[in-house]
Amino acid sequence: MAADIDLLVLGDANPDLILHGGEVVPAFGQAEHLVDDARLTMGGSGAILACGAAKLGLRVAICALLGDDLFGRFVRDGLDAAGVDTTGLATDASVATGITVVLSGPDDRAIITMPGTIAGLRAELIDPSLLERARHVHVSSYYLQSALVSSLPDVFDEVHAHGATTSIDPNWDPSGLWDAGLLELLRRTDVFLPNEMEATRVGRTSDLEDAVLSLSSRSGLVVVKNGDRGAIAGSQGHVHHVHGLRADVVDTTGAGDSFDAGFLAAWLGGEPIDRALAIANACGALSTRAMGGVDAQATMAEAVAFLEEGSAA
């Protein structure tokens, strides 16, 4: 079967309700705090990445589970509008679509999630033909995919048997254990895409470079997002660094997912690691220009132009 899908995302798709500015830190006791803005937008690490990759020019499909409800229809419509192939979306009318509330302050964010359907994607819901047609398969929010994780070794073996590659973004582990089979699965993973905090926890060390080297002894390539400090990658004992980029930040929601989209688009396009890291940094930075994860995502031309402007921090 022809590989006519560049990127297949297996993961989370849900709305984000973003509360921005003002007094975003809530207080019990029925104290009413006011915020400056509120936005219901595309959320879920997988969905944001899928939208970003489609905008960068990849042919993208997604497999995720939604409820038969208003939020589920919102997500499906948004993915369709972004040009993502949604034939792999499944519906479970007995479970509500998950939702995340983001309290977005000037220097940090608080994230509160009702998992709902986010945790319900199972291997039997993944269309085998999509796996066969994909050049690359990405798993988002590993630690939230509780119904899927035990099947991922077999899924990744099947993907590799078709000649395709794999990647994982773990996102935060609510349990605090930082394993759930991930360390073993990394041996079947071509690209591991944590942020700095996730990398040091999974790698069981406080030193980021040590974590990158340790994790890259398991995974083919480890790519770590490090915010305005740039990014670091490790492969076969070699470490790559790129500087951060300056942008007019409005909201950082989904910036890591846009980074992932930029890296995978460049890497799948044959760019060397340093160049792919730089493009990923540009995509992550540019995505922060608006509220939510998708409204300011960059095209590849915009990302390259941003790099050429010499905006290195």
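Structure first, text after, so check above.
Please read all numbers here as calculations on a predicted model, not as lab measurements.

**Student:** Is there a simple way to explain the overall build of the protein in this structure?
**Tutor:** Counting secondary structure elements, the protein contains 10 helices and 13 strands. Taken over the C-alpha atoms alone, the protein extends approximately 55 × 50 × 40 Å along its principal axes. Residues counted as buried form 53% of the 313 residues belonging to the protein. As displayed, the protein has an accessible area near 13,100 Å², and 51% of this comes from carbon and sulfur atoms.

**Student:** Hey, could you run me through the sheet that holds strand β7 (residues 109-114) in this one?
**Tutor:** Hydrogen bonding along the main chain pairs the strands of a sheet, whether they run parallel or antiparallel. Read across the sheet, four strands follow the order β3-β2-β6-β7 without closing on themselves; strand pairing throughout is mixed. On the outer flanks of this sheet lie β3 (37-43) and β7, each paired with one strand and no other. Averaged over neighbouring strand pairs, the angle between their axes works out to 20° when direction is ignored. By the bridge criterion, seven bridges tie strand β2 (residues 14-20) to β3 in an arrangement that is antiparallel. Paired with Pro 15 across the bridge in β3 is Met 42. Of the strands in this sheet, β2, β3 and β6 (99-104) are in contact with helix α2 (residues 70-81), which crosses β3 at around 70°.

**Student:** Is there a simple way to explain the packing of helix α8 (residues 255-268) against helix α9 (residues 273-286) in this structure?
**Tutor:** Think of two packed helices as two axes; the pair is described by the angle between the axes and how far apart they sit. Running from N to C, α8 and α9 cross one another at 145°; their axes reach a closest spacing of 7 Å. The interaxial crossing formed by α8 with α9 has right-handed handedness. Contacts between α8 and α9 pair Ala 255, Ser 258, Phe 259, Gly 262, Phe 263, Ala 266 and Trp 267 from the former with Ile 273, Ala 276, Leu 277, Ile 279, Ala 280, Asn 281, Cys 283 and Gly 284 from the latter. By residue class, the composition of the contact of α8 with α9 is 11 nonpolar, four polar and no charged.

**Student:** Explain the pattern of salt bridges to me, please; I cannot follow it from the model alone.
**Tutor:** In a structure, side chains of opposite charge can pair up when their charged atoms sit close to one another. Tallying each qualifying case throughout the model produces 11 salt bridges. Close ionic contact of Asp 6 with Arg 59 constitutes a salt bridge, the shortest N to O distance being 2.9 Å. In this pair, Asp 6 is assigned in the segment before β1 (7-10) and Arg 59 in the loop between α1 (45-55) and β4 (60-66), connecting sequence segments 53 residues apart. Accessibility expressed as a relative area gives 42% for Arg 59, which makes it partly exposed. Notably, a salt bridge pairs Lys 225 with Asp 260, separated by 2.9 Å at the nearest N-O pair. Here Lys 225 is found in strand β11 (residues 221-225), whereas its partner Asp 260 is found in helix α8, with 35 residues between them in sequence. Judged by relative accessible area, Lys 225 falls into the buried class, the value being 10%. Here the residues in one salt-bridge network are Asp 6, Arg 59 and Arg 135, joined through shared partners.

**Student:** Is there a simple way to think about the sheet that holds strand β10 (residues 191-192) in this case?
**Tutor:** Strand order in the open sheet formed by nine strands is β5-β4-β1-β8-β9-β10-β11-β12-β13, with mixed pairing between adjacent strands. Looking at strand neighbours, the two that pair on one side only are β5 (85-91) and β13 (238-242), the edges of this open sheet. The sheet contact formed by β10 and β11 spans two bridges and is parallel. In the strand pairing of β11, Val 191 is matched with Leu 221.

**Student:** Can you walk me through the nonpolar core in this structure?
**Tutor:** Inside soluble globular proteins, nonpolar side chains tend to come together where they are buried. In this structure, Leu 7, Val 60, Ile 62, Leu 79, Val 223, Phe 263 and Leu 277 are the most contacted members of the largest nonpolar core, which totals 51 residues. When residues of this core are assigned to their parent elements, the largest contribution, 10 residues, is made by α9. Beyond its immediate stretch of four places on either side in the chain, Leu 79 contacts Met 42, Ala 47, Cys 51, Ile 62, Val 84, Thr 86 and Leu 89. Core analysis: the next-biggest nonpolar cluster, separate from the first, contains 36 residues, Cys 63, Val 155, Leu 186 and Val 222 among them.

**Student:** Sorry if this is basic, but what is going on with α1 here?
**Tutor:** Since the α-helix advances by 3.6 residues per turn, residues separated by three or four positions end up pointing in the same direction. α1 sits mainly inside the fold: 10 of its 11 residues count as buried. Taken residue by residue, α1 has Ser 45, Gly 46, Ala 47, Ile 48, Leu 49, Ala 50, Cys 51, Gly 52, Ala 53 and Ala 54 as its buried positions. Two residues or fewer past α1, Gly 57 is found with a positive phi of approximately 105°.

**Student:** It is not clear to me how the side chain of His 20 should be interpreted in this structure. Could you clarify?
**Tutor:** Looking at the secondary structure, you find His 20 in strand β2. Exposure remark for His 20: the relative accessible area of 18% places this residue in the buried category. Once you skip the residues sitting within four places of it in the chain, His 20 turns out to touch Val 35, Asp 36, Asp 37, Ser 104, Val 250 and Met 291.

**Student:** Hey, could you run me through the side chain of Ser 140 in this one?
**Tutor:** Inspection of the secondary structure assignment puts Ser 140 in the loop between β8 (136-139) and α4 (152-161). A polar side-chain atom of Ser 140 sits 3.2 Å from the main-chain amide nitrogen of Gly 46. Those residues in contact with Ser 140 that sit more than four places away from it in its chain are Val 9, Leu 10, Gly 11, Asp 12, Ser 45, Gly 46, Gln 145 and Asp 169.

Cut-offs and rules
- Residues numbered from 1 in each chain as written.
- Predicted model: local features only at pLDDT ≥ 70, side-chain atom pairs only at ≥ 80, totals over all residues.
- Heavy atoms only, no water.
- Helix = DSSP H or I, 4+ residues; strand = E, 2+ residues; numbered from the N terminus.
- Buried < 20%, exposed > 50% of the residue type's maximum accessible area, 1.4 Å probe, protein only.
- Areas by Shrake-Rupley, 256 points an atom, 1.4 Å probe, with all protein chains shown as cover.
- Pairing = 2+ DSSP bridges.
- Axes fitted to C-alpha atoms, helices over the stretch in contact; angles between N-to-C directions.
- Contact = heavy atoms within 4.5 Å.
- Left-handed = near helix turned anticlockwise from the far one by under 90°.
- Nonpolar A, V, L, I, M, F, W, Y, C, P; charged D, E, K, R; others polar.
- Salt bridge = Lys/Arg side-chain N within 4 Å of Asp/Glu carboxyl O.
- Core = buried A, V, L, I, M, F, W, Y, C linked by side-chain atoms within 4.5 Å.
- Polar contact = N/O pair within 3.5 Å; in protein donor to acceptor, adjacent residues only side chain to side chain.

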